[in-house]
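These are the residues of each chain, in order.
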Amino acid sequence: MEFGLSEEQMLIVETTRAFVENELYPHEAEVERTGILRKELAEELKHKAMEAGLYAANMPESVGGAGLDTVTWLLYEKELGRANYALHWTCVGRPSNILLAGTDAQKEKYLYPCIRGEKSDCLAMTEPGAGSDLRGMKATAIEKGGDWVVNGTKHFISHALEADFVILFVASGEEDTPRGKKKKITAFFVDKGHPGMTIREGYRNVSHRGYTNAIIEFDDCRLPQDAILGEVHKGFEVANTWLGATRLQVAATCLGRAERALGHAIEYAAQRQQFGQQIGKFQGVSFKLADMATELKAADLLTFEAGWKFDQGTVTDQDMAMAKLKATEMLAFVADEAIQIHGGMGLMDDLPLERIWRDARVERIWEGTSEIQRHIISRALLRPHGA
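Residues numbered from 1 in each chain as written. Predicted model: local features only at pLDDT ≥ 70, side-chain atom pairs only at ≥ 80, totals over all residues. Heavy atoms only, no water.

Colleague: Mind showing me how you'd approach a nonpolar patch on the surface here?
Modeller: A cluster of nonpolar side chains, namely Met345, Leu347, Met348 and Trp357, defines an oily patch on the protein surface of about 380 Å² accessible area. Residue position: Trp357 is located in helix H11 (residues 353-363). The class of Trp357 is partly exposed, set by a relative accessible area of 40%. (Patch = residues over 30% accessible without salt bridge, like charges linked within 9 Å, V, L, I, M, F, W, Y side chains within 5 Å. Areas by Shrake-Rupley, 256 points an atom, 1.4 Å probe, with all protein chains shown as cover. Salt bridge = Lys/Arg side-chain N within 4 Å of Asp/Glu carboxyl O. Helix = DSSP H or I, 4+ residues; strand = E, 2+ residues; numbered from the N terminus. Buried < 20%, exposed > 50% of the residue type's maximum accessible area, 1.4 Å probe, protein only.)

Colleague: Looking at this model, I keep getting lost on the packing of helix H4 (residues 70-80) against helix H8 (residues 246-271). Mind explaining?
Modeller: Packed helix pairs are specified by the crossing angle of their axes together with the interaxial distance, meaning the distance between the axes. Where H4 contacts H8, the two axes come as close as 7 Å, and the packing angle between them is 45°. Here H4 lies oblique to H8, going by the angle between them. Where H4 crosses over H8, the two elements pack in a sense that is right-handed. In contact with Trp73, Leu74, Glu77 and Lys78 of H4, H8 contributes Leu248, Gln249, Ala252, Thr253, Leu255, Gly256 and Glu259. Classifying every residue of the contact of H4 with H8 gives five nonpolar, three polar and three charged. (Axes fitted to C-alpha atoms, helices over the stretch in contact; angles between N-to-C directions. Parallel < 35°, antiparallel > 145°, perpendicular 65-115°, else oblique. Left-handed = near helix turned anticlockwise from the far one by under 90°. Contact = heavy atoms within 4.5 Å. Nonpolar A, V, L, I, M, F, W, Y, C, P; charged D, E, K, R; others polar.)

Colleague: Sorry if this is basic, but what is going on with the side chain of Thr70 here?
Modeller: Relative to the helices and strands, Thr70 is located in helix H4. For Thr70, a relative accessible area of 9% translates into the label buried. What Thr70 contacts, discounting residues up to four positions off in sequence, is Gly307, Phe310 and Asp311.

Colleague: Got a minute to help me understand the layout of surface pockets in this structure?
Modeller: To locate leftover empty space, one rolls a probe as large as a water molecule over the atoms. By volume, the second largest pocket amounts to about 460 Å³. Phe3, Leu5, Leu75, Asp300 and Phe304 are, among the 23 residues lining the second largest pocket, the residues nearest its centre. When contributions to the lining of the second largest pocket are tallied by element, the ones reaching two or more residues are helix H1 (7-24), H4 and helix H9 (283-312). For the lining of the second largest pocket, the element with the most residues is H9, which contributes seven residues. Residues belonging to the lining of the second largest pocket are distributed by class as follows: ten nonpolar, three polar and ten charged. Of the domains in this structure, domain 1 (7-94) and domain 3 (243-385) are the two that each give at least three residues to the lining of the second largest pocket. (1 Å grid on protein atoms, 1.4 Å probe; cavity = no way out; pocket = protein on both sides within 12 Å on 5 of 7 lines; lining within 4 Å. Points joined across faces, edges and corners; volume = space filled by probe spheres on them. Domains from an automatic or database assignment.)

Colleague: Hey, could you run me through the nonpolar core in this one?
Modeller: Nonpolar side chains tend toward joint burial in soluble globular proteins. Grouped together as the largest cluster of nonpolar side chains are 90 residues, with contacts concentrated most on Leu37, Tyr76, Leu99, Ile167, Phe169, Met292 and Ile341. A per-element tally of this core places H8 first, with eleven residues. If near-sequence neighbours (up to four positions away) are discounted, Ile167 is found in contact with Ser96, Ile98, Leu99, Asp121, Cys122, Leu123, Ala124, Phe188, Phe189 and Leu229. Of all hydrophobic cores here, the second largest spans 22 residues; its members include Ala160, Ala163, Ile216 and Ile228. (Core = buried A, V, L, I, M, F, W, Y, C linked by side-chain atoms within 4.5 Å.)

Colleague: Is there a simple way to explain the pattern of salt bridges in this structure?
Modeller: Proximity of charged atoms lets side chains of opposite charge pair with each other. Enumeration according to the criterion identifies 30 salt bridges in this entry. Three or more residues are tied together by salt bridges with common partners; here these are Glu28, Glu32, Arg260, Glu354, Arg355, Arg358 and Asp359.

Colleague: Quick question: what am I supposed to make of a negative patch on the surface here?
Modeller: There is a patch of like negative charges on the surface, built from Glu8, Glu61, Asp69 and Asp311. Residue position: Glu8 is located in helix H1. Classification of Glu8 as exposed rests on a relative accessible area of 56%. (Lys, Arg positive; Asp, Glu negative; His and termini not counted. Charge placed at Lys NZ, Arg CZ, Asp CG, Glu CD.)

Rendered as structure tokens:
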């Protein structure tokens, strides 16, 4: 494993960081205070991202993306993660990798327009009664007359209000297992405005202001066979194959925010004077900085090792769970300590620290809670011993 960055990687880091600082940072205060990312602003920044070559950079060159390897993609995500989530996610679009699992016709209808910035997607898995336990889905798809009829409710669906179509996962049958009956899951494409699907505004969220969530209701929503993504009853296989790296994406964006918070803390500790000297000279502050930097480095190494192993084809669920667990919990620690170093000013919205602190909370929940990550890690350790 090579720890140094190539010239190409350094250029991508510099280009992405410059875009974030020059184009996204100036709009953070507006989005944070209003909770809204204006459509005209989103379109303006999207076009700038496309001109800078940053849009859909996660996609292979064969379909019009940048063709980044996983490590380089994580470097790019780390830099984007410094900014307000609504700004970097909506304006610097990264279409879901799961779109690559579609048929040629589905790619023409959904994938390529997303890469060109003409459409955007959202994923609908979570339900009021099925969060970490996705097998507990109650939304169903039943085959009738050659079509599939969907009923049920999804919630916490990020970006659904803005998206042009939904990638939907629902229970489509059951199978017998040694532990009892287990639901089979099928994935579908559903266009916005399709009869039987209603999207309404979701919940007010303390984290990631401007990045919306929605509730999606299905009432005898009839979908044709060609709306199926992958194979019937193979939705989990599709998700596991194409969505595994999203945990590394979460980890990488957390690294970027933690670096930003640590940078503010170091600068403040070096400048702020109390009791006749810079506060950074007091061990109570300097040791905090040392711990913050060490935790950040540990999370960084775990994340990029997992990214490197992903490229080698040797990554495990345990690797990705460790990276996600460490990076998200590290961000919460670093953000909290950065505020403590700043004292009262750390909670004022003149600085990004209170936002980073708020935003850090959801990272330990979405894309698999910290408890789920610990379960994955512990099972990998114990299963070979029959425990």
